[in-house]
Amino acid sequence: MALAPDDSPWYRKFRMLLGIYLIAIAFGVREYVVSRQSAPVDPETEEWSQMAEVVSQINPADADTEYLKALEALKAGDRDAFVGHMETALDKGVKHNDVLLRWYAQHLFSTGEDYRLVNSALERWRTNHPFTAEPLEIPMGSGPSGPADEEALARELERVPWILRHELQPPDEEDPGWRALVYIRPATQIDIRQAVAAVSILALPPELREDFRVTCLTLEDCRRVPR
(Lines give C-alpha, C1' and ligand atoms only; values in the text may rest on other atoms or scores of the structure.)
Protein backbone atom coordinates (compact mmCIF):
# COMPACT_ATOMS: atom_id res chain seq x y z
CA MET A 1 0.00 0.00 0.00
CA ALA A 2 1.46 3.39 -1.04
CA LEU A 3 1.84 6.04 1.63
CA ALA A 4 0.25 9.45 1.14
CA PRO A 5 2.79 12.09 0.14
CA ASP A 6 3.93 14.47 2.90
CA ASP A 7 2.18 17.42 1.27
CA SER A 8 -1.18 15.64 1.02
CA PRO A 9 -4.13 16.92 3.07
CA TRP A 10 -4.07 15.86 6.74
CA TYR A 11 -7.20 13.74 6.41
CA ARG A 12 -5.48 11.59 3.76
CA LYS A 13 -2.47 10.93 6.03
CA PHE A 14 -4.71 9.70 8.85
CA ARG A 15 -7.62 8.28 6.87
CA MET A 16 -7.05 4.75 8.21
CA LEU A 17 -6.96 5.98 11.81
CA LEU A 18 -10.01 8.15 11.22
CA GLY A 19 -11.81 5.17 9.74
CA ILE A 20 -11.09 3.10 12.82
CA TYR A 21 -12.31 5.90 15.11
CA LEU A 22 -15.50 6.37 13.12
CA ILE A 23 -16.24 2.65 13.17
CA ALA A 24 -15.58 2.51 16.92
CA ILE A 25 -17.82 5.51 17.57
CA ALA A 26 -20.60 4.06 15.43
CA PHE A 27 -20.36 0.71 17.22
CA GLY A 28 -20.37 2.40 20.64
CA VAL A 29 -23.43 4.48 19.77
CA ARG A 30 -25.24 1.38 18.51
CA GLU A 31 -24.46 -0.57 21.67
CA TYR A 32 -25.62 2.34 23.83
CA VAL A 33 -28.91 2.66 21.95
CA VAL A 34 -29.52 -1.08 22.05
CA SER A 35 -28.76 -1.24 25.76
CA ARG A 36 -31.17 1.62 26.46
CA GLN A 37 -33.96 0.07 24.40
CA SER A 38 -33.52 -3.54 25.46
CA ALA A 39 -34.77 -5.01 28.70
CA PRO A 40 -32.05 -6.18 31.12
CA VAL A 41 -31.22 -9.86 31.06
CA ASP A 42 -33.13 -11.79 33.71
CA PRO A 43 -30.75 -13.84 35.92
CA GLU A 44 -33.30 -16.66 35.90
CA THR A 45 -33.12 -17.18 32.13
CA GLU A 46 -30.94 -19.40 29.99
CA GLU A 47 -29.69 -16.26 28.25
CA TRP A 48 -28.14 -15.12 31.54
CA SER A 49 -26.44 -18.49 32.02
CA GLN A 50 -24.99 -18.35 28.52
CA MET A 51 -23.74 -14.82 29.13
CA ALA A 52 -22.14 -15.90 32.41
CA GLU A 53 -20.39 -18.80 30.67
CA VAL A 54 -19.02 -16.56 27.90
CA VAL A 55 -17.78 -13.93 30.37
CA SER A 56 -16.10 -16.56 32.56
CA GLN A 57 -14.19 -17.84 29.52
CA ILE A 58 -13.15 -14.40 28.30
CA ASN A 59 -12.18 -12.91 31.66
CA PRO A 60 -11.95 -15.68 34.26
CA ALA A 61 -9.90 -13.69 36.78
CA ASP A 62 -12.23 -10.69 37.01
CA ALA A 63 -14.22 -10.05 40.18
CA ASP A 64 -17.42 -9.56 38.19
CA THR A 65 -16.96 -13.04 36.74
CA GLU A 66 -16.99 -14.40 40.28
CA TYR A 67 -20.24 -12.51 40.83
CA LEU A 68 -21.84 -14.13 37.78
CA LYS A 69 -20.67 -17.54 38.98
CA ALA A 70 -22.14 -16.79 42.39
CA LEU A 71 -25.55 -16.09 40.88
CA GLU A 72 -25.38 -19.30 38.89
CA ALA A 73 -24.59 -21.19 42.10
CA LEU A 74 -27.51 -19.48 43.83
CA LYS A 75 -29.85 -20.55 41.03
CA ALA A 76 -28.60 -24.10 41.43
CA GLY A 77 -29.22 -24.00 45.18
CA ASP A 78 -25.53 -24.33 46.05
CA ARG A 79 -25.19 -21.95 49.00
CA ASP A 80 -21.55 -22.83 49.73
CA ALA A 81 -20.51 -22.13 46.14
CA PHE A 82 -22.48 -18.87 46.16
CA VAL A 83 -20.69 -17.65 49.28
CA GLY A 84 -17.34 -18.87 47.98
CA HIS A 85 -17.60 -16.96 44.71
CA MET A 86 -18.83 -13.85 46.50
CA GLU A 87 -15.96 -13.93 48.96
CA THR A 88 -13.45 -14.50 46.16
CA ALA A 89 -14.79 -11.38 44.43
CA LEU A 90 -14.53 -9.42 47.68
CA ASP A 91 -10.98 -10.67 48.26
CA LYS A 92 -10.10 -9.14 44.89
CA GLY A 93 -11.09 -5.75 46.28
CA VAL A 94 -14.27 -5.29 44.28
CA LYS A 95 -15.94 -1.97 45.07
CA HIS A 96 -17.73 -0.87 41.91
CA ASN A 97 -20.38 -3.62 41.84
CA ASP A 98 -23.30 -2.26 43.84
CA VAL A 99 -25.43 -5.35 43.33
CA LEU A 100 -22.69 -7.76 44.41
CA LEU A 101 -22.04 -5.91 47.66
CA ARG A 102 -25.74 -5.51 48.42
CA TRP A 103 -26.69 -9.11 47.63
CA TYR A 104 -23.83 -10.45 49.72
CA ALA A 105 -24.87 -8.35 52.73
CA GLN A 106 -28.51 -9.37 52.27
CA HIS A 107 -27.52 -13.04 51.97
CA LEU A 108 -25.47 -12.94 55.18
CA PHE A 109 -28.39 -11.38 57.02
CA SER A 110 -31.06 -13.65 55.54
CA THR A 111 -29.10 -16.80 56.40
CA GLY A 112 -28.51 -15.72 60.00
CA GLU A 113 -24.76 -15.15 59.95
CA ASP A 114 -23.07 -13.40 62.86
CA TYR A 115 -24.38 -9.84 63.16
CA ARG A 116 -20.83 -8.46 63.07
CA LEU A 117 -20.27 -9.98 59.63
CA VAL A 118 -23.59 -8.53 58.48
CA ASN A 119 -22.67 -5.09 59.83
CA SER A 120 -19.32 -5.20 58.06
CA ALA A 121 -20.91 -6.24 54.76
CA LEU A 122 -23.58 -3.55 55.00
CA GLU A 123 -21.04 -0.84 55.78
CA ARG A 124 -18.81 -1.96 52.90
CA TRP A 125 -21.79 -1.74 50.55
CA ARG A 126 -22.93 1.68 51.76
CA THR A 127 -19.41 3.13 51.99
CA ASN A 128 -18.73 2.35 48.35
CA HIS A 129 -22.27 3.19 47.18
CA PRO A 130 -23.58 5.90 49.53
CA PHE A 131 -26.33 7.06 47.18
CA THR A 132 -27.84 3.72 46.28
CA ALA A 133 -31.64 3.68 46.31
CA GLU A 134 -31.98 -0.03 47.14
CA PRO A 135 -33.24 -1.23 50.54
CA LEU A 136 -32.29 -4.01 52.91
CA GLU A 137 -35.13 -6.51 53.39
CA ILE A 138 -35.95 -7.58 56.94
CA PRO A 139 -38.34 -10.54 57.23
CA MET A 140 -40.97 -10.23 59.94
CA GLY A 141 -42.55 -13.08 61.83
CA SER A 142 -45.95 -11.48 61.44
CA GLY A 143 -47.12 -8.20 60.02
CA PRO A 144 -49.19 -5.43 61.57
CA SER A 145 -52.78 -6.35 62.32
CA GLY A 146 -54.02 -2.76 62.28
CA PRO A 147 -53.14 0.96 62.48
CA ALA A 148 -51.88 0.66 66.07
CA ASP A 149 -49.32 -1.97 65.06
CA GLU A 150 -48.24 0.10 62.07
CA GLU A 151 -47.72 3.16 64.26
CA ALA A 152 -45.73 1.19 66.85
CA LEU A 153 -43.53 -0.32 64.15
CA ALA A 154 -42.94 3.05 62.51
CA ARG A 155 -41.93 4.63 65.83
CA GLU A 156 -39.37 1.94 66.55
CA LEU A 157 -37.84 2.02 63.07
CA GLU A 158 -37.60 5.82 63.16
CA ARG A 159 -35.58 5.55 66.38
CA VAL A 160 -32.83 3.57 64.63
CA PRO A 161 -30.24 6.24 63.76
CA TRP A 162 -28.94 4.64 60.55
CA ILE A 163 -32.35 4.06 58.95
CA LEU A 164 -33.25 6.87 56.59
CA ARG A 165 -36.77 5.66 55.81
CA HIS A 166 -38.73 2.44 55.70
CA GLU A 167 -41.61 0.70 53.97
CA LEU A 168 -43.74 -2.34 54.73
CA GLN A 169 -44.05 -5.05 52.11
CA PRO A 170 -47.09 -7.31 52.56
CA PRO A 171 -47.05 -10.98 51.53
CA ASP A 172 -47.13 -11.70 47.81
CA GLU A 173 -46.78 -14.64 45.44
CA GLU A 174 -42.99 -14.70 45.75
CA ASP A 175 -42.79 -14.23 49.53
CA PRO A 176 -45.58 -15.34 51.86
CA GLY A 177 -44.34 -13.26 54.80
CA TRP A 178 -44.29 -9.59 55.71
CA ARG A 179 -41.05 -7.68 55.16
CA ALA A 180 -39.72 -4.33 56.28
CA LEU A 181 -37.71 -2.51 53.63
CA VAL A 182 -35.18 -0.19 55.27
CA TYR A 183 -33.15 2.42 53.43
CA ILE A 184 -29.77 3.16 55.00
CA ARG A 185 -28.33 6.61 55.63
CA PRO A 186 -24.93 7.20 54.01
CA ALA A 187 -21.85 7.51 56.21
CA THR A 188 -23.43 5.98 59.33
CA GLN A 189 -22.38 3.16 61.61
CA ILE A 190 -24.73 0.23 61.19
CA ASP A 191 -25.89 -2.24 63.82
CA ILE A 192 -28.35 -4.65 62.23
CA ARG A 193 -29.50 -5.77 65.69
CA GLN A 194 -31.25 -2.43 66.13
CA ALA A 195 -33.42 -3.02 63.07
CA VAL A 196 -34.27 -6.57 64.16
CA ALA A 197 -35.23 -5.25 67.60
CA ALA A 198 -37.40 -2.55 66.02
CA VAL A 199 -39.49 -4.96 63.93
CA SER A 200 -39.76 -7.29 66.95
CA ILE A 201 -41.90 -4.71 68.78
CA LEU A 202 -44.95 -6.45 67.35
CA ALA A 203 -44.10 -9.48 69.49
CA LEU A 204 -45.03 -7.42 72.57
CA PRO A 205 -48.68 -7.05 73.55
CA PRO A 206 -49.95 -3.54 72.72
CA GLU A 207 -50.44 -2.67 76.39
CA LEU A 208 -46.71 -3.22 77.11
CA ARG A 209 -45.23 -1.22 74.25
CA GLU A 210 -45.23 2.11 76.04
CA ASP A 211 -43.22 0.77 78.98
CA PHE A 212 -41.04 -1.82 77.28
CA ARG A 213 -38.93 -2.16 74.16
CA VAL A 214 -37.03 -5.00 72.52
CA THR A 215 -33.26 -5.26 72.48
CA CYS A 216 -31.20 -7.90 70.66
CA LEU A 217 -27.85 -9.32 71.75
CA THR A 218 -27.59 -11.30 68.52
CA LEU A 219 -29.89 -11.71 65.52
CA GLU A 220 -31.73 -14.43 67.43
CA ASP A 221 -31.34 -13.55 71.12
CA CYS A 222 -33.84 -10.72 71.62
CA ARG A 223 -35.53 -9.79 74.88
CA ARG A 224 -37.93 -7.32 76.46
CA VAL A 225 -36.40 -4.53 78.55
CA PRO A 226 -37.89 -1.47 80.28
CA ARG A 227 -37.65 1.81 78.38
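Treat the numbers as computed from the prediction; the structure is a model and nothing was measured.

Thresholds applied
Residues numbered from 1 in each chain as written. Predicted model: local features only at pLDDT ≥ 70, side-chain atom pairs only at ≥ 80, totals over all residues. Heavy atoms only, no water. Helix = DSSP H or I, 4+ residues; strand = E, 2+ residues; numbered from the N terminus. Buried < 20%, exposed > 50% of the residue type's maximum accessible area, 1.4 Å probe, protein only. Contact = heavy atoms within 4.5 Å. Areas by Shrake-Rupley, 256 points an atom, 1.4 Å probe, with all protein chains shown as cover. Pairing = 2+ DSSP bridges. Axes fitted to C-alpha atoms, helices over the stretch in contact; angles between N-to-C directions. Disulfide = S-S within 2.5 Å. Salt bridge = Lys/Arg side-chain N within 4 Å of Asp/Glu carboxyl O.

Enquirer: Just to check I follow, could you spell out the overall build of the protein for this structure?
Expert: Along the backbone of the protein there are nine helices and five strands. Secondary structure elements of the protein, listed N to C terminal, follow the sequence α-α-α-α-α-α-α-β-α-β-β-α-β-β. Looking at the protein residue by residue over its 227 residues, the buried ones come to 34%. Residue pairs in contact within the protein that sit at least 24 positions apart in sequence constitute 49% of those at least 6 positions apart. Of the roughly 14300 Å² of accessible surface on the protein, a fraction of 55% belongs to carbon and sulfur atoms.

Enquirer: Where do I start with the sheet that holds strand 2 (residues 163-169) in this structure?
Expert: Hydrogen bonding along the main chain pairs the strands of a sheet, whether they run parallel or antiparallel. Taken together, three strands build an open sheet; the order of strands is 1-3-2 and the sheet is antiparallel. Two strands lie at the open edges of the sheet, namely strand 1 (136-139) and strand 2, each paired on one side alone. Sheet twist, expressed as the mean angle between neighbouring strand axes with direction ignored, is 25°. Relative to strand 3 (residues 179-184), strand 1 is paired through four bridges, and the arrangement is antiparallel. By the bridge assignment for strand 3, Pro 139 is matched with Arg 179.

Enquirer: Can you help me understand the pairing of strand 5 (residues 222-226) in this one?
Expert: Look at any regular strand and the pattern is simple: side chains alternate between the two faces of the sheet. Here strand 4 (residues 212-216) runs beside strand 5; their pairing, made up of five bridges, is antiparallel. Paired with Val 214 across the bridge in strand 5 is Arg 224. Adjacent in sequence and paired antiparallel, strand 4 and strand 5 are bridged by five residues.

Enquirer: What is the right way to look at the state of the cysteines in this model?
Expert: Disulfide: a covalent bond formed between the sulfur atoms of two cysteine residues. Taken as a whole and judged by the stated rule, the model has one disulfide. Between Cys 216 and Cys 222 runs a disulfide, and the two sulfur atoms are separated by 2.0 Å. With the S-S bond torsion at 105°, the cross-link from Cys 216 to Cys 222 turns out right-handed. Looking at Cys 222, the relative accessible area reads 29%, which means it is partly exposed.

Enquirer: Honestly, the pattern of salt bridges in this entry has me stumped. Any pointers?
Expert: Any two side chains of opposite charge can pair, given that their charged atoms come close. Across all of its chains, the model carries ten salt bridges by this definition. A salt bridge links Asp 149 to Arg 209; its shortest N-O distance comes to 2.7 Å. Here the residue Asp 149 occupies a position in helix 8 (residues 147-158), and Arg 209 occupies one in the loop between helix 9 (192-199) and strand 4, the gap between them amounting to 60 residues. In this pair, the class of Asp 149 matches that of Arg 209, namely buried. Arg 179 is paired through a salt bridge with Asp 175; the nearest N and O atoms lie 3.6 Å apart. Among the residues examined, Arg 179 registers a relative accessible area of 9% and is labelled buried. Each of Glu 137, Asp 172, Asp 175 and Arg 179 takes part in salt bridges that share partners, so that together they form one network.

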